[in-house]
Amino acid sequence: MPPSETAGSTPLLEVDDLRTYFHTRTGVAKAVDGVSFDLTAAETLGLVGESGCGKSVTALSIMRLVSDPPGKIEGGAIRINGRELLDLSDDEMCAVRGNDVAMIFQEPMTSLNPVITCGRQIAEAVELHQDVSRSEAHNRAVEMLRLVGIAAPEQRANEYPHQLSGGMRQRVMIAMGLSCNPQILIADEPTTALDVTVQAQIMELLQRLQEELGMAILLITHDLGVVAETTDRAAVMYAGGIVESAATEMLFANPRHPYTQGLIRSIPELDTDQTRLDIIPGTVPDLRRLPVGCRFQSRCPLVDEHCREAAPPLVETDEGHQTACWKANG
Amino acid sequence: MLIYLAQRLLALAFVLLAVSMIVFTLMHSVPGGPFDTQQAKLPKAARENIERKYGLDKPVWQQYLNYMSHAVRFDFGIPYQQPQTTVAALIGKTWLVTLQVGIMTIIVAFGLGITAGMFAAYHQNSWVDNIVTFFSMLGVTVPNFVIAMWFILFFGVTRQWLPTGGWGKSGDCLCYDLLCSDWILPVLAYALAPMAIIARYTRASIVDVIREDYVRTARAKGLGESKVMRRHVLRNAQIPMVTALGTEIPNLITGSIFIETIFRINGLGKFFVTSTLNRDYPMIMATFLLVALLWGITFMLTDIAYTLIDPRVKLGAKKEA
């Protein structure tokens, strides 16, 4: 579903020309440089890219949790239901975090406070955003733990994170994120640090919860398999910018950008006699010294003079399919 | 918990036994004795008489057994420096004064040190941080007797705001009321070095914790900065601080010869040095055993404090393995 086409309903989350730079001693790293996308209610959008492409910084920028210094949101707009987050005061932003938009992180082993019980950590968010007593908040925490499929939730609520496995800790993180019924859940590589079997359980859990609670999910991952299985739409990021975005099926069936094509080709296939994996030659450019023109020029098989002179804009190549490539645009 | 405590106390008793043996052997193997001609010009017969009285003519192992048989009954002998009293009475009287100085110093050093460290950590690399770092360096590097001299010169002599020395109104009486202002200069001079160490350590611990993932989680929940600090950062930062800073306490409550001499405080600190110089065997033994006991208790309390603030630590957990 192309979000910009339906003029009547404004998207839940709009990110418009977001630019987040890191000011380091050796120069300005443009970690996020002109990223735009929309997220509609109850939708799952996958933000895909390799390490360091700026997908996590994009997520942290939406939460306004980029550490400053060295990071700074230099420009652009982030709107939830039309409300501009970048204009909010710190206190107003605190009321948005955890309440309208919640986030779960890559490292369940270190993302929970080791000296506070799991139940208390969930209840803390409930107390903060809802007008409830301490015991009501605790009951809500137990209820959330049950919802995310933790056995014996009353007992687990009084346990500390080190008494739980990695998968269970990620469930606690999800319970914490969803405890205040946020409209948006940002999941930053939620399964990367987990065993493969646990990964599948966590992704199934997220999908089930989305059906039950109806929140939109921004799923950040480098795993194309996860994107294919769980997302409605996907946006591919490369070196701080979105290079292609489309409905997930369309993206996998008909990738237009040479980077997306390379990514999909590099997925190993089980049913062919492949001895070598396809790779994308070269490495990601230094974000402090991005070239003039297209970011992908140094690794692109189709590159020509025009690509080195001007950066291709993200334009609609098919209905609901946007690509930032001079070659794909014909 | 009780079994654990009993085990630790038993271990502490063995530590004290070992310390007593080592100190006793060492002090007797050092050349010179308490009644040598350098210490006191006495006729040979008189000296032998005194040595016989204190049992110093016997072999060292007999002297040790004799000392220990009295010590377990809390009879620590007579200090050769002040034979009109007993070691227990002398330590009891002077240590009370030293304890007052020490406890006030601990309050000042920990209170100001932790506050300064928190500010520095929170405003990391700002001018606040630089000022705290500068004064911490100063506090650690400048010895407290130099600082004490500056304080006396400026506040006591030039400005005459505060007394230059003494403790309590009549010299060695107890300083009951804070209003008597005797305590300000010695406590500040004594507190500066530990305060600097505490500030630096607090800053380092907090800076480490602030970068942790769970602090980001706390912010992502929507907690404001002050709650993030109080509930999530400080509770974790105090775990390493307990180990490193607990050891300041036995140091501070046993006094300092410099502070006590400069400010004319009749405390215990000076006996650590004078006893050794005078070969005052009973006082050497008593002061060393006291220090060993205080350190042992401090380590035990530190370990117990761990279990209270860190749920990952369990006392005596090795038995289950």
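Calculation notes
- Within each chain, residue numbers correspond to sequence positions counted from 1 in written order.
- For naming, the first written chain is A and the first written ligand is 1, with later ones following in the order written.
- It should be noted that, the model being predicted, local features are given only for residues of pLDDT at least 70 and side-chain atom pairs only at 80 or more, the latter also being counted only at that level, while totals for whole chains, interfaces and linings use all residues.
- To obtain the side-chain values, all non-hydrogen atoms of the structure were included, while hydrogens and water were left out.
- Secondary structure follows DSSP: runs of H or I at least 4 residues long count as helices, runs of E at least 2 residues long count as strands, and numbering of each begins at the N terminus.
- Each accessible area is a Shrake-Rupley result for a 1.4 Å probe, and residues are judged covered by the shown protein chains and nothing else.
- Only four residue types enter the charge count, namely Lys and Arg as positive and Asp and Glu as negative; His and the chain termini do not.
- We put the charge of a Lys on NZ, of an Arg on CZ, of an Asp on CG and of a Glu on CD.
- Whether two residues touch is decided by their heavy atoms; if any such pair falls within 4.5 Å, the residues are in contact.
- Reported buried area values correspond to the accessible surface (1.4 Å probe) lost by two parts on association, with both partners' losses combined.
- We define a salt bridge as a contact between a side-chain nitrogen of Lys or Arg and a carboxyl oxygen of Asp or Glu at a distance within 4 Å.
- Counting of polar contacts relies on pairs of N or O atoms within 3.5 Å, with two restrictions inside protein: one atom must be capable of donating a hydrogen and the other of accepting it, and residues adjacent in sequence are counted only when both atoms are side-chain atoms.
- Under this grouping Gly is polar, as are all residues other than the nonpolar Ala, Val, Leu, Ile, Met, Phe, Trp, Tyr, Cys and Pro and the charged Asp, Glu, Lys and Arg.
- Residues belong to one nonpolar core when they are buried, are Ala, Val, Leu, Ile, Met, Phe, Trp, Tyr or Cys, and are joined through side-chain atoms within 4.5 Å.
- Residue exposure (1.4 Å probe, protein chains only): buried if accessible area is under 20% of the type maximum, exposed if over 50%, otherwise partly exposed.
- Note on ring pairs: Phe, Tyr and Trp rings are taken, using the six-membered ring of Trp, and paired if centres are within 6.5 Å. Classes follow the plane angle, with under 30 degrees stacked, over 60 edge-to-face and the rest tilted.
- Note on pairing: two strands pair once DSSP finds at least 2 bridges between them.
- Interaxial angle, 0 to 180 degrees, is taken between N-to-C directions of lines fitted to C-alpha atoms, where a helix line uses only the stretch in contact.
- Residue-level confidence of the predictor is summarised by pLDDT, bounded by 0 at the bottom and 100 at the top.

**Q** Could you give an account of the overall build of chain A, naming the residues involved and the relevant values?
**A** Within chain A, the regular secondary structure consists of eleven helices and twelve strands. Structurally, chain A occupies a C-alpha span of about 65 × 50 × 45 Å along its principal axes. Here chain A has roughly 14600 Å² of accessible surface; of this, 49% comes from carbon and sulfur atoms. Across chain A, the 27 positively charged side chains and the 46 negatively charged ones have centroids separated by 6 Å.

**Q** Can you break down the interface of chain A and chain B residue by residue, with the values?
**A** Across the boundary between the two partners, chain A contributes 24 residues, which contact 20 residues of chain B. Together chain A and chain B conceal approximately 2000 Å² of surface at their shared face, both sides included; 61% is due to carbon and sulfur atoms. Applying the counting criterion to the chain A and chain B interface returns two salt bridges. Notably, a salt bridge pairs Lys221(B) with Glu124(A), separated by 2.6 Å at the nearest N-O pair. Taken together, chain A and chain B are joined by twelve residue pairs in polar contact (both at pLDDT 80 or more). Sorting the residues of the side of chain A that touches chain B by element identifies α1 (55-63), α3 (118-129) and α6 (166-178) of chain A as the ones contributing at least two each. For the side of chain A that touches chain B, the element with the highest residue contribution is α3(A), accounting for five residues. Broken down by class, the residue content of the side of chain A that touches chain B amounts to 14 nonpolar, seven polar and three charged.

**Q** Please set out the nonpolar core residue by residue, giving values where relevant.
**A** Where a protein is soluble and globular, its nonpolar side chains tend to be buried together. Of all hydrophobic cores here, the largest spans 92 residues; its most connected members are Leu13(A), Phe37(A), Ile174(A), Ile186(A) and Leu218(A). Not counting the four nearest positions on each side in its chain, Ile186(A) is found in contact with Ala59(A), Ile62(A), Met63(A), Val101(A), Ala102(A), Met103(A), Ile104(A), Leu218(A) and Ile220(A). Among the nonpolar cores identified, the runner-up in size contains 39 residues, and Val101(B), Leu245(B), Ile262(B) and Phe263(B) belong to it.

**Q** A description of the packing of aromatic side chains should follow, citing residues and the corresponding values.
**A** If you walk through the whole model with that rule in mind, you get 16 aromatic pairs over all chains. Look at Tyr238(A) and Phe296(A): their rings are 5.0 Å apart centre to centre, the planes differ by 85°, and that puts the pair in the edge-to-face class. Of the two residues, Tyr238(A) sits in strand β9 (residues 233-238) while Phe296(A) sits in the loop between α10 (258-265) and α11 (305-309), which places them 58 residues apart along the sequence. Comparing Tyr238(A) with Phe296(A), the two get one shared label, buried. By way of ring pairs, the aromatic residues Phe35(B), Tyr54(B), Tyr80(B) and Tyr281(B) are connected into one cluster.

**Q** Can you tell me about the sheet that holds strand β1 (residues 13-24) of chain A, naming the residues and giving the values?
**A** Residue and element names in this part refer to chain A. Read from one edge to the other, the open sheet built from four strands follows the order β2-β1-β4-β5, with strand pairing classed as antiparallel. Pairing within the sheet leaves two strands with one partner each, and these edge strands are β2 (27-39) and β5 (83-84). Bridge analysis of β1 against strand β4 (residues 71-80) gives eight bridges, and the strand direction is antiparallel. For Asp-16, the partnering residue across the bridge sits in β4 and is Ala-77. In this fold α1 packs onto β1, β2 and β4, with an angle of close to 110° to the strand it touches most, β1.

**Q** Which residues make up the confidence of the model for chain A, and what values go with them?
**A** Summary statistics for chain A give a mean pLDDT of 87 and a share of 96% for residues scoring 70 or more. Every residue in residues 1-8 of chain A scores below 50 in pLDDT, and together they form six contacts with partners more than four places removed in sequence or on other chains.

**Q** An account of unusual backbone geometry is requested, with residue identities and associated values reported.
**A** All names here are of chain A. Of note, Ala-42 is a non-glycine position whose phi angle comes to about 65°, a positive value. You can see Ala-42 is positioned in the loop between β2 and β3 (44-48). For Ala-42, a relative accessible area of 41% corresponds to the partly exposed category. With a phi angle near 50°, Asn-81 is a residue other than glycine that sits in the positive phi range. Inspection of the secondary structure assignment puts Asn-81 in the loop between β4 and β5. Look at Asn-81 and you get partly exposed, because its relative accessible area is 45%.

**Q** Just give me the short version of the environment of Arg256(A), but keep the residues and values in it.
**A** Residue and element names in this part refer to chain A. With respect to the helices, strands and loops of the structure, Arg-256 is situated in the loop between α9 (248-253) and α10. For Arg-256, a relative accessible area of 24% gives the class partly exposed. In contact with Arg-256, other than residues within four places in its own chain, are Glu-244, Gln-261, Thr-317, Asp-318, His-321, Thr-323 and Ala-328.

**Q** Account for the pattern of salt bridges, naming residues and giving values.
**A** Per the stated rule, a full pass over the model turns up 26 salt bridges over all chains. As a salt-bridge pair, Glu124(A) and Arg231(B) come within 2.9 Å of each other at their nearest N and O atoms. Placement of the pair is Glu124(A) in helix α3 and Arg231(B) in helix α9 (residues 225-246), with the two residues belonging to separate chains. According to the relative accessible area criterion, Glu124(A) is buried, its value standing at 4%. Residue classification places Arg231(B) among the partly exposed residues on the basis of a relative accessible area of 27%. Overlapping salt bridges, with partners in common, bring together Glu14(A), Arg79(A) and Glu84(A) in one network.

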